[in-house]
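# Architecture at a glance
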Amino acid sequence: MSDMNVPHIVISHVDKVFPGAGREVVALRDINLEIPRGQFVCLLGPSGCGKSTLLNAVAGFALPSAGSILADGQPVTGPGPARGMVFQEYALFPWMTVADNIAFGLEIKGQPKAQIAATVDRLLAMLSLSEFRHRYPRDLSGGMRQRVAIARVLALDSPIMLMDEPFGALDALTRRNLQDELLRIWSELKKTILFVTHSIEEAIYLADRIIVMTYRPGTVKRDLLVDLPRLRDPAAPEFNALKRELGQLVMEEQQRHHNDEIRVAAVD
């Protein structure tokens, strides 16, 4: 199904409950979202709000306890090639070169060697990796490793990209360079991106739309469209006004988390 009028991702009444010692942990409760094709959406909130849990549910790694998720009109019942995942930890094969890491998924799919080579060459050029094609992950910086991880997902041409704090471990300059690189790729390839971050500035810089989540159980606290022209200037008054608004929303949930920890400690 590829009807442009059909939301690319539909999350309907999703709950996620994890069994625990003595009591269940309700990670997500009644999440409802529709994400149009080609939209860049950031999930924002404090640690423990269920951002990564929701992303893993969309990926098919952890199915909901209740509710449903559709991707391109099809129920998500497990991982699939239509949803490519980029992790914070890079998840590269250390015994493979950069080029071999990018080619791996295409080889598994049985694509012809000439087609694989052309795809790898194109992505190496797109992500400024051509001179590193024969290097191993151990020889690369964190930023270069993440470029390889992104290229590997792009090689599979998944229409949906799921990104779990992919730039969280990088220094500020490398992070901004990769943010700009991702925006360029997104603009060129028209992917639908669901991106988890705990950085308010990163969410505003990247997203068409920001979903602020509550502390556990994770629900949608605010669904906000970012009506700022790109490329966005973090020093602009409009950027900082939105940053203050989102900061207040996130701090409310952070304080609720803190109060909950105090209450649990008092009971123990």
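Look up a bit, the structure's there.
Now for a look at the structure at hand. These figures come from a predicted structure and were not determined experimentally. (Residues numbered from 1 in each chain as written. Predicted model: local features only at pLDDT ≥ 70, side-chain atom pairs only at ≥ 80, totals over all residues. Heavy atoms only, no water.)

### Focus: the side chain of Glu 181
- On the secondary structure map, Glu 181 appears in helix α5 (residues 172–189).
- With a relative accessible area of 12%, Glu 181 lands in the buried category.
- There is a polar contact of 2.2 Å between the side chain of Glu 181 and the side chain of Arg 184. (Helix = DSSP H or I, 4+ residues; strand = E, 2+ residues; numbered from the N terminus. Buried < 20%, exposed > 50% of the residue type's maximum accessible area, 1.4 Å probe, protein only. Polar contact = N/O pair within 3.5 Å; in protein donor to acceptor, adjacent residues only side chain to side chain.)

### A short note on the pattern of salt bridges
- Per the stated rule, a full pass over the model turns up 14 salt bridges.
- Arg 176 is paired through a salt bridge with Glu 201; the nearest N and O atoms lie 3.3 Å apart. Of the two residues, Arg 176 is situated in helix α5 and Glu 201 in helix α6 (residues 200–206); the sequence distance between them amounts to 25 residues.
- The exposure class assigned to Arg 176 is partly exposed, which follows from its relative accessible area of 24%.
- Taking the relative accessible area as the measure of exposure, Glu 201 reaches 26% and is therefore partly exposed.
- Residue Glu 252 is joined to Lys 221 by a salt bridge in which the shortest nitrogen-to-oxygen separation is 2.9 Å. In this pair, Glu 252 is assigned in helix α7 (residues 237–267) and Lys 221 in strand β10 (residues 220–225), connecting sequence segments 31 residues apart.
- Residue classification places Glu 252 among the partly exposed residues on the basis of a relative accessible area of 36%.
- A single salt-bridge network, built from bridges that share partners, covers Arg 147, Glu 181, Arg 184 and Glu 188. (Salt bridge = Lys/Arg side-chain N within 4 Å of Asp/Glu carboxyl O.)

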